[in-house]
Amino acid sequence: MILTKIKAFFNRWKQAKRYNWKKYDYSILIIVTLLSIISSYVLSIIGASSFKRQFIAISLTVVIMVVVSLIDYHTMCSYVPILYVIGTISVFCTKFTPLGSNSGTDSYRWLDFKILMFQPSEVVKIIIILTLATFFAHYKDDLQSFKIFFMACGLALLPTLFILVQSDLSSSVVIVMVFVIMLMSSGIGRKIIAPIAAVLIPIAGFLIWYVQQPNQKLLHGYQLSRITGWLNPESAALSVMYQQNNSVLSIASGKLYGKMLIEGSSGARNYTAVDVIESDFIWTPISEEFGFIGCLAILSLLSVIIIKSFIAAKRAKDYQGMMIALGIGSMFCFQVFFNIGVATSLLPNTGLPLPFLSNGISSLISSSMAVGILINIGIQPNRGGVGSFVETLDQETNY
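Presented here is an overview of the structure given in this document. Along every chain, residues carry numbers that run from 1 in the direction the sequence is written. Totals for whole chains, interfaces and linings use every residue, but because this is a predicted model, local features are given only for residues with pLDDT of at least 70 and side-chain atom pairs only at 80 or more, for both listing and counting. The side-chain numbers reported here are obtained from all heavy atoms of the structure, hydrogens and water having been left aside.

## Observations concerning unusual backbone geometry
Positive phi outside glycine occurs at Lys 255, with the angle close to 55°. Secondary-structure assignment places Lys 255 in the loop between helix H11 (242–253) and helix H12 (259–263). Located in the positive-phi region is Val 276, a residue other than glycine, with phi close to 55°. For the purposes of this entry, the term helix denotes a DSSP run of H or I that reaches at least four residues, the term strand denotes a run of E that reaches at least two, and both are numbered from the N terminus. Among the structural elements, Val 276 can be located in the loop between H12 and helix H13 (283–315). A simple rule labels every residue: compare its accessible area, found with a 1.4 Å probe on the protein chains alone, to the largest value its type can have, and call it buried under 20%, exposed over 50%, or partly exposed in between. In this structure Val 276 comes out as partly exposed when scored by relative accessible area, which is 34%.

Have a look at this one:
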């Protein structure tokens, strides 16, 4: 037993020595740490978290990123069947077992382990990305098939269906959008995409019309009221749009420099009239405290993470790494867009955390794992003496 463990240790050490450590992306670690510090400050001034808890959260973020960055993503993908089953069962349990909890809301998104509440849909997003990347890599020479297309849809939509019935519409939409991006980038080809799009686009148009009808059965009443209220904000100003309207007023009151710089910790804050400012509406106190310039700086940090994700996809040493990085970049992009879009009333009200800024251990773990995987993709050694996988694809007529 001891000899086996020693052998396994040296095998992992040999694997680590193969990494290209010169390409280890320390800058993304610094950016994530900065975002976590900003989050800690905002959460402390709004009274959502103590300094001690946030210090633990920042430490956990760094540890997860570093540890995951040292694990070969090919090794992670070899456990995809197990991870996929565990992830699917976990999102199933939130709604259909006693472990599920709604945490005082209308949605059963959490598993209650007594000592902590965990939202499995956040980690399932990463599992789905790894699963799809592994699936497309396995069938990359046989993508021109409707069978492969429908198999990929089944893999993505089964856990997504359980997330949808929780009901977590926002996370479901993010997963579907990430799936579409990965599918379009997989090399599956227009012969498959074109007829499918020709069928799905009219269906999507019909569903958009249908959910606005009085007797529709697809959305819960509160979900429909949020959509109709967003479409007719004047008539719902004192009901479903009250939170978003107050959020917009709070953001506007931050002006150019923010109240933190002008007024310090004293003075009234408009975000006190907004609910869930520690998570779904974290952009509201950020905007009021840091102002327009501060928001631009924070958006720039988030944008760097997203851009680095797509750069990692372009420079990936193999197809699988490219697809994983592409999925992670898409996930971050859509989550940032949806969260800030809701806070600024550009989108209907829906609950979705802002990566590295919103309070919540589940989102923190998921985002940290994603960044760790990105770093690992970047430090992979050259395989077969070739450059990036995208450069190799440029020479292939099949893609």
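## Considering the sheet that holds strand E2 (residues 110–112)
Here we have three strands laid out as an open sheet, ordered E1-E2-E3, and antiparallel in their pairing. Unpaired on one side and paired on the other, strand E1 (100–101) and strand E3 (117–118) mark the two borders of the sheet. Strand pairing is defined by DSSP finding a minimum of two bridges between the two strands. Of the pairings in the sheet, the one linking E2 to E3 comprises two bridges and is antiparallel in character. Paired with Asp 112 across the strands is Met 117, a residue of E3. Two residues form a contact once any of their heavy atoms are found within 4.5 Å. Whenever a helix is involved, its axis is fitted only over the stretch in contact; in every case the axis is a line through C-alpha atoms, and angles between N-to-C directions fall within 0 to 180 degrees. In this fold helix H5 (residues 80–96) packs onto E1 and E2, with an angle of close to 80° to the strand it touches most, E2.

## Side note on the pattern of salt bridges
By salt bridge we mean one thing: a side-chain nitrogen of Lys or Arg within 4 Å of a carboxyl oxygen of Asp or Glu. Under the definition given, this model contains five salt bridges. Between Glu 288 and Lys 259 there is a salt bridge; the shortest N-O distance is 2.8 Å. One end of the pair, Glu 288, is in helix H13; the other, Lys 259, is in helix H12, and 29 residues separate them in sequence. On the basis of relative accessible area, Glu 288 is assigned to the buried category, the value being 0%. With a relative accessible area of 11%, Lys 259 lands in the buried category. A salt bridge links Glu 289 to Arg 269; its shortest N-O distance comes to 2.7 Å. Note that Glu 289 is positioned in helix H13 and Arg 269 in the loop between H12 and H13, a separation of 20 residues in sequence. In this pair, the class of Glu 289 matches that of Arg 269, namely buried.

## Considering the packing of helix H14 (residues 319–343) against helix H15 (residues 361–378)
Direction vectors running N to C along H14 and H15 enclose 145°, while the axes themselves pass 10 Å from each other. H14 and H15 meet at a crossing whose hand is left-handed. Note on element contacts: H15 touches H14 through Ser 367, Ala 370, Val 371, Ile 373, Leu 374 and Ile 377, opposite Gly 321, Ile 324, Ala 325, Ile 328, Met 331 and Phe 332. Ten residues, namely Ala, Val, Leu, Ile, Met, Phe, Trp, Tyr, Cys and Pro, are considered nonpolar, four, namely Asp, Glu, Lys and Arg, are considered charged, and the remaining ones, Gly among them, are considered polar. Tallied by class, the residues present in the contact of H14 with H15 amount to 10 nonpolar, two polar and no charged. In this scheme the crossing of two helices becomes right-handed for a clockwise turn of the near helix relative to the far one and left-handed for an anticlockwise turn of less than a right angle.

## Overview of the side chain of Ser 250
Inspection of the secondary structure puts Ser 250 in helix H11. Judged by relative accessible area, Ser 250 falls into the buried class, the value being 0%. Any pair of N or O atoms that falls within 3.5 Å is considered a polar contact. Within protein, one atom must be able to donate a hydrogen and the other to accept it, and sequence-neighbouring residues count only if both atoms are side-chain atoms. Polar contacts involving the side chain of Ser 250 include one to the side chain of Glu 288, which spans 2.4 Å. Excluding its chain neighbours within four sequence positions, the residues that come into contact with Ser 250 are Asn 270, Tyr 271, Thr 284 and Glu 288.

## Comments concerning empty space enclosed by the protein
With a 1 Å grid spanning the protein atoms alone, the term cavity applies to any set of points in which a 1.4 Å probe fits but cannot get out, the term pocket to an open set with protein on both sides within 12 Å along at least five of seven lines, and the term lining residue to any residue with an atom within 4 Å of a point. Grid points are joined across faces, edges and corners, and a volume is the space filled by probe spheres set on the points. All chains considered together, the criterion is met by two cavities of 30 Å³ or more. Its boundaries defined by the atoms lining it, the largest cavity holds a volume of some 60 Å³. Taken together, Lys 125, Ile 128, Ile 129, Leu 132, Val 174, Ile 175, Val 178, Phe 179 and Met 331 make up the full set of residues lining the largest cavity. Those elements that provide at least two residues to the lining of the largest cavity are helix H6 (120–138) and helix H8 (169–185). The computed volume of the second largest cavity comes to approximately 30 Å³. Contributing to the lining of the second largest cavity are Leu 302, Ile 305, Ile 306, Phe 332, Val 336, Pro 355 and Phe 356. Of the residues forming the lining of the second largest cavity, the biggest block, three residues, is contributed by H13.

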